[in-house]
Every structure is written in C-alpha cells, then in structure tokens.
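Chain residues, written in single-letter form:
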Amino acid sequence: MNSRNITLGQFAATFIPFGLLLVLALMAAETALDLPSQRMIYSIWVSQALVIPALCLYILPARTQGRMNYWLLFWTFAYIAYLFHFYYAVIVHYHASIPEVFQQQGIKIAGSNFLVTFWWGLDVLLAWLVRVDVKWIRIERLLANVFIPLVFFVASVVIFRGVVHVLGYAMTAAIVICLAVRIYARMTGQRVSSNVEVHGG
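Residues numbered from 1 in each chain as written. Predicted model: local features only at pLDDT ≥ 70, side-chain atom pairs only at ≥ 80, totals over all residues. Heavy atoms only, no water.

Novice: Is there a simple way to explain the overall build of the protein in this structure?
Specialist: Secondary structure summary: the protein contains seven helices and zero strands in total. Listed by position from the N terminus, the elements making up the protein come as α-α-α-α-α-α-α. Considered along the principal axes of its C-alpha atoms, the protein spans approximately 70 × 35 × 30 Å. Counting every position in the protein, which comprises 201 residues, the buried fraction comes to 39%. Put simply, the protein shows about 11,500 Å² of open surface, and 72% of that area lies on carbon and sulfur atoms. The averaged location of the 7 negative side-chain charges in the protein is 11 Å from the averaged location of its 13 positive side-chain charges. (Helix = DSSP H or I, 4+ residues; strand = E, 2+ residues; numbered from the N terminus. Buried < 20%, exposed > 50% of the residue type's maximum accessible area, 1.4 Å probe, protein only. Areas by Shrake-Rupley, 256 points an atom, 1.4 Å probe, with all protein chains shown as cover. Lys, Arg positive; Asp, Glu negative; His and termini not counted. Charge placed at Lys NZ, Arg CZ, Asp CG, Glu CD.)

Novice: Please explain the packing of aromatic side chains as it appears in this structure.
Specialist: Ring pairs (aromatic) are described by centroid distance and by the angle formed between their planes. If you walk through the whole model with that rule in mind, you get 17 aromatic pairs. Here the aromatic rings of Phe11 and Phe15 are separated by 5.3 Å at their centres, their planes lie at 10°, and the arrangement is stacked. With a gap of four residues between them, Phe11 and Phe15 both fall in helix α1 (residues 8-28), about one helical turn apart. A relative accessible area of 35% places Phe11 in the partly exposed class. Look at Phe11 and Phe77: their rings are 5.9 Å apart centre to centre, the planes differ by 65°, and that puts the pair in the edge-to-face class. (Phe/Tyr/Trp six-rings, centres within 6.5 Å; stacked < 30°, edge-to-face > 60°.)

Novice: In this structure, what is going on with the environment of Leu83? I would like to understand it.
Specialist: In this structure, Leu83 sits in helix α3 (residues 65-93). In this structure, the C-alpha to C-alpha distance between Leu83 and Met40, residues 43 residues apart in sequence, is 9.8 Å.

Novice: Would you mind going over the nonpolar core with me for this structure?
Specialist: Side chains that are nonpolar tend, in soluble globular proteins, to be buried together. Counting residues in hydrophobic clusters, the biggest one holds 49 residues, and the most contacted among them are Val51, Trp71, Trp75 and Trp120. A total of 15 residues in this core trace back to one element, the largest contributor, which is α3. Trp75 has contacts with Val51, Ala54, Leu55, Trp120, Asp123, Val124, Asn145 and Ile148, leaving out every residue within four places of it along the chain. (Core = buried A, V, L, I, M, F, W, Y, C linked by side-chain atoms within 4.5 Å. Contact = heavy atoms within 4.5 Å.)

Novice: I'm lost on the packing of helix α2 (residues 35-59) against α3 in this one. Help?
Specialist: Packed helices, taken two at a time, are described by their axes: the angle between them and the distance between them. Interaxial distance between α2 and α3 falls to 8 Å at its minimum, and their mutual angle equals 160°. In terms of axis orientation, α2 runs roughly antiparallel to α3. Of the two possible hands of crossing, α2 and α3 adopt the one that is left-handed. (Axes fitted to C-alpha atoms, helices over the stretch in contact; angles between N-to-C directions. Parallel < 35°, antiparallel > 145°, perpendicular 65-115°, else oblique. Left-handed = near helix turned anticlockwise from the far one by under 90°.)

Novice: Even after reading the chapter, I still don't get a nonpolar patch on the surface, so can you show me in this structure?
Specialist: Together, Ile109, Leu150, Val154, Val158, Ile159 and Phe160 line one region of the surface with nonpolar side chains, adding up to about 510 Å² of accessible area. At four residues, helix α6 (residues 135-159) tops the list of elements feeding residues into the nonpolar patch. By the element assignment, Val154 lies in helix α6. Val154 sits in the partly exposed class, given a relative accessible area of 34%. (Patch = residues over 30% accessible without salt bridge, like charges linked within 9 Å, V, L, I, M, F, W, Y side chains within 5 Å. Salt bridge = Lys/Arg side-chain N within 4 Å of Asp/Glu carboxyl O.)

Novice: What am I meant to see in the side chain of His85 here?
Specialist: Along the chain, His85 turns up in helix α3. For His85, a relative accessible area of 19% corresponds to the buried category. Setting aside anything within four residues of it in sequence, one finds His85 in contact with Met40, Ser43 and Ile44.

Novice: Looking at this structure, I do not really get the packing of helix α5 (residues 107-129) against α6. What am I missing?
Specialist: In contact at an axis separation of 10 Å, α5 and α6 are set at 140° when each is read in the N-to-C sense. Taken together, the axes of α5 and α6 are oblique relative to one another. The handedness of the crossing between α5 and α6 is left-handed. On α6, the residues touching Ile109, Ser112, Asn113, Leu115, Val116, Trp119, Trp120, Asp123, Leu126 and Ala127 of α5 are Trp136, Ile137, Glu140, Arg141, Leu143, Ala144, Phe147, Ile148, Val151, Phe152 and Ile159. Classifying every residue of the contact of α5 with α6 gives 16 nonpolar, two polar and three charged. (Nonpolar A, V, L, I, M, F, W, Y, C, P; charged D, E, K, R; others polar.)

Novice: Would you take a moment to explain the environment of Val51 for this structure?
Specialist: By secondary structure assignment, the location of Val51 is in helix α2. For Val51, the residues in contact, after removing those within four places along its chain, are Trp75, Ala78, Trp120, Phe152 and Met171.

Keep in mind these numbers describe shape, not what the thing actually does.
What follows is the structure in structure tokens.
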C-alpha cells in the first residue's frame, strides 16, 4: 500500500492528539524549577504515547490503505515529538556537545539514542517520499520497528521509573497483543486455505 490519499479526517484524528499532548507537555513543564529538563522528559512521554498506536497499526494484519495512512501519521508525529525531546536533551541539556553526551550517557545509551534519531528520521522520509514497493525498505522498516521500540523499552522499563515506566509496560503489552492477533490471523488463514484445498481440490 503506497498510493496513499490522506484524508482530512485521518490527519485531524492524529494531529489533534499530537498537538494537545505536546502543548500540555510543554506547558506542564512551566511549573518546574528546571524548565528544559522537564520539557525533555515530558516530550519523550508524548513520543512514546504516540508510537504505541503506530506500532500496533504496523503489526496488525490486513493492512488497508486507511490503516497505513494512520500508521504513517502516528509514526511521523511520534518522531516530531521525539525531536523536541532530542532538542532539549542534546542542544539544551548537553549544550550541543556530542562528546558531552557520550561522556555523560556512555557509548551504549548515547549511541543507541543517536541511531534512533537518524534511523527513525530516515524511515519517516522514506515513508513519505517513496511510494513504490521496495524490498530493502520493507526490511529496513521491519528492523526499525524492532529496534526503536526496543530502545524505548530499555529506557522506560529498565532504566527509568515513573510515568514513563507505565508507558513502557503499556507499549510492551500492546505489541504482544498485536503480535498475537497477527499470528492467530495467519494461522486461521492457513487453516482456511488448507480446508479449501482439501474439500475443493
């Protein structure tokens, strides 16, 4: 599904929650003593909240054009929210110093964060610009949809606590449920095909 025609309704259904959540995140930080740090934290919450429906839409079977349009929009808006986090983290908190980022976070965490930033942005651009079915993009997107939620999981469940901890478990549960639905749909589809071949052959 690549010849998309995104409707106003699809755009509104994704942009409105993105806009409201991001505005609330930036405004909620106004009450904090360390404004940039709180904006850095709250914006990643928004990104993770929006990436959950994107991951579900990507995993679930029967990828209609409408469903893929919603996936693209949620995937894009989640990345834009992530860029707000990246700005407050790297540009503001770490003074736009890449060496400082690696010194404070370590090579594993900093390296994975920079890889997510580049890879996710590349995939968003490919999703918008390439409208033909290309095998290497399908493989790249599959790997991105494994790696990016894995980084979110490590950060939200293993490293940090609080609200992001809840989001991490919600994301994990959503992925497991959607994978189960996909596997069940494939298994039942195979059974139906087998029955058709046996009884109709």
